[in-house]
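Residues per chain, in single letters:
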Amino acid sequence: MRVVDKSELMSLVAAGLPGQYRPWQVVWDLTYACQLRCTHCYQMNLDWNVKRQLPTERILETLDEMRDLGTQELLFSGGDPFIVRDFMTFVERAGANGFEVVIYSSGQGITDHVAQRLAQCGVSWVELTLMGADAETHDTVTQRRGSFVKLLDAVRALSGAGVATVGKTVVTKQNLHQVPTLMEMCRELGIKFKCDAHMWRPWNGSEAQISDLKLDRAGMQEFYRLYRQPGPQDRSCAMGVAMCNAGRSRAGITPFGQVNPCTTYGQGMVIGDLHEQTFTEIWLNSPMLRRYREMTSKSYPKCDACEMSAFCDWCPGLSSWAGNDYTEPYAELCDDTEIKKELWEEGTGKHWVPAPVVNGEPVLIPTIMRRPGLDPANQG
């Protein structure tokens, strides 16, 4: 791997980094290893071979490159990043570089001492996996007895150190009825709560592996009715996909140094390898990334023509995740979009008509009628 020195780095940045293409947010999966074995985890079948992971110095060099490229937010995830031997060294460097640092964790490795160090590094917040309102439910999903107790210990340690904390729940058939209890529990613990009923098939796996957990159509409808108010997204067009920031102001990195436009792509779209190139060279010069940035909504013809697109949480990474070409629709996401449209129609008593949307309401633009005598088609 060729190392870019500081002067060359700044020359590259000045020459080839348009303002709209700064890696504002980077999500770095430092490892796929985890203390838990959650039955819903999309990483359940992935290789945890630590020998392929980047060495400490290479990670620190990359963090400095991100600083110089203008990165503002860095999210450390996994697996559980606390398993990584030098993780706190990476957090310290990220804090020193002025990043807003966010960490996703199982909570199993966060002691009072660790929480204090996170606070000293200026970590913005930590999100913890919370899969049930009691030990039986949580530990059944995580397949680790005692994980619920350790999670609560982590919450208390983080709160005691003044680190903002979020309890994060993937809603399943087993815990859907516990969502109100989970909300109240988090309120009493003094932490934020968020939940999501979307459950995607495991990488290198199949839908069958999560079929016993995943909400069916009726379950999704119940979740949306109780905890969400589906509505069309504000947009200036009647149809078409709203291009996301993947590869434009966002990047993902796998534990093995593979860089992708967004972490949802995983190893499905690799735009460069940090074992062979610097992050700067990849971000500025990757031929695949340049082609990806040139894509427009018309590059996704089926999604672009969909009349329900204003309700869709469209994500080409999820299509890739599902094993499809990333320009093709993902059936699970299409089903979810249809449910949200139907519930919006049910709640408003209106029929959805594709149109520009303002403040969650479609705005129909009246057709201007010409008097026959003024219509060029009628001029003799």
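In what follows, the structure referred to is the one given above.
Given the structure is predicted, the values throughout are model-derived calculations rather than measurements.

J.: Help me out: how do you make sense of the packing of helix 3 (residues 87-96) against helix 4 (residues 112-120) in this one?
T.: Helix-helix packing is characterised by the crossing angle of the two axes and by the distance between the axes. Viewed as axis vectors pointing N to C, helix 3 and helix 4 meet at an angle of 20 degrees, and their least axial separation amounts to 9 Å. Comparing the axis directions of helix 3 and helix 4 gives the class roughly parallel. Residues Met88, Val91 and Glu92 of helix 3 pack against Val114, Arg117 and Leu118 of helix 4. Classifying every residue of the contact of helix 3 with helix 4 by side-chain character gives 4 nonpolar, no polar and 2 charged.

J.: Looking at this structure, I do not really get the nonpolar core. What am I missing?
T.: Most often, soluble globular proteins have nonpolar side chains that are buried together. In terms of nonpolar packing, the biggest core is built from 70 residues, with Trp28, Leu63, Phe76, Ile103, Leu118 and Phe279 touching the most fellow members. The element best represented in this core is helix 6 (residues 147-161), accounting for 8 residues. Filtering out sequence-adjacent residues up to four positions away, Phe76 remains in contact with Trp28, Leu30, Leu63, Pro81, Phe87, Phe90, Val91, Ala94, Val101, Val102, Ile103 and Tyr104. Judged by nonpolar contacts, the second largest core, of 11 residues, contains Val171, Leu176, Met220 and Leu343.

J.: What am I meant to see in the packing of aromatic side chains here?
T.: What characterises a pair of aromatic rings is the spacing of the ring centres plus the angle enclosed by the ring planes. Considering all chains together, one arrives at 11 aromatic pairs under this definition. For the ring pair Phe279 and Trp283, a centre distance of 6.2 Å and an interplane angle of 15 degrees mean the geometry is stacked. Taken together, the positions of Phe279 and Trp283, both in helix 9 (residues 279-285) and 4 residues apart, correspond to about one turn of that helix. Residue Phe279 shares its accessibility class with Trp283, and that shared class is buried. Three or more aromatic residues link up through ring pairs in this structure, and these residues are Phe76, Phe82 and Phe87. In this structure, Lys168 is placed above the aromatic ring of Tyr104, and the distance from its NZ or CZ to the ring centre is 3.3 Å. The ring of Trp283 is capped by Arg293, whose NZ or CZ atom sits 4.7 Å from the centre of that ring.

Conventions we followed
- Along each chain, residue indices are assigned from 1 in the same order as the chain's sequence is written.
- Residues qualify for local features only when their pLDDT is at least 70, as the model is predicted, and side-chain atom pairs are given and counted only at 80 or more; totals for whole chains, interfaces and linings, by contrast, use all residues.
- Derived side-chain values reflect all non-hydrogen atoms in the structure, with water molecules and hydrogen atoms excluded from consideration.
- Note on geometry: axes are C-alpha line fits, over the in-contact stretch for helices, and angles between N-to-C directions span 0 to 180 degrees.
- Counting from the N terminus, the helices are DSSP H or I runs at least four residues long and the strands are E runs at least two residues long.
- Angles below 35 degrees are treated as roughly parallel, those above 145 as roughly antiparallel, those between 65 and 115 as roughly perpendicular, and all remaining angles as oblique.
- Contacts: residue pairs with any heavy atoms within 4.5 Å of one another.
- Under the scheme applied, nonpolar residues are Ala, Val, Leu, Ile, Met, Phe, Trp, Tyr, Cys and Pro; charged residues are Asp, Glu, Lys and Arg; polar residues are all the others, including Gly.
- Working definition of a nonpolar core: buried Ala, Val, Leu, Ile, Met, Phe, Trp, Tyr and Cys residues. They are joined through side-chain atoms within 4.5 Å.
- Exposure categories follow from relative accessible area, calculated using a 1.4 Å probe and restricted to protein chains: below 20% of the type maximum is buried, above 50% is exposed, and the middle band is partly exposed.
- The rule is short: rings of Phe, Tyr and Trp, with Trp giving its six-membered ring, pair when the centres are within 6.5 Å, and they are stacked under 30 degrees, edge-to-face over 60, tilted in between.
- A ring is scored as having a charge over it whenever the NZ atom of a lysine or the CZ atom of an arginine sits within 6 Å of its centre and within 35 degrees of its normal.

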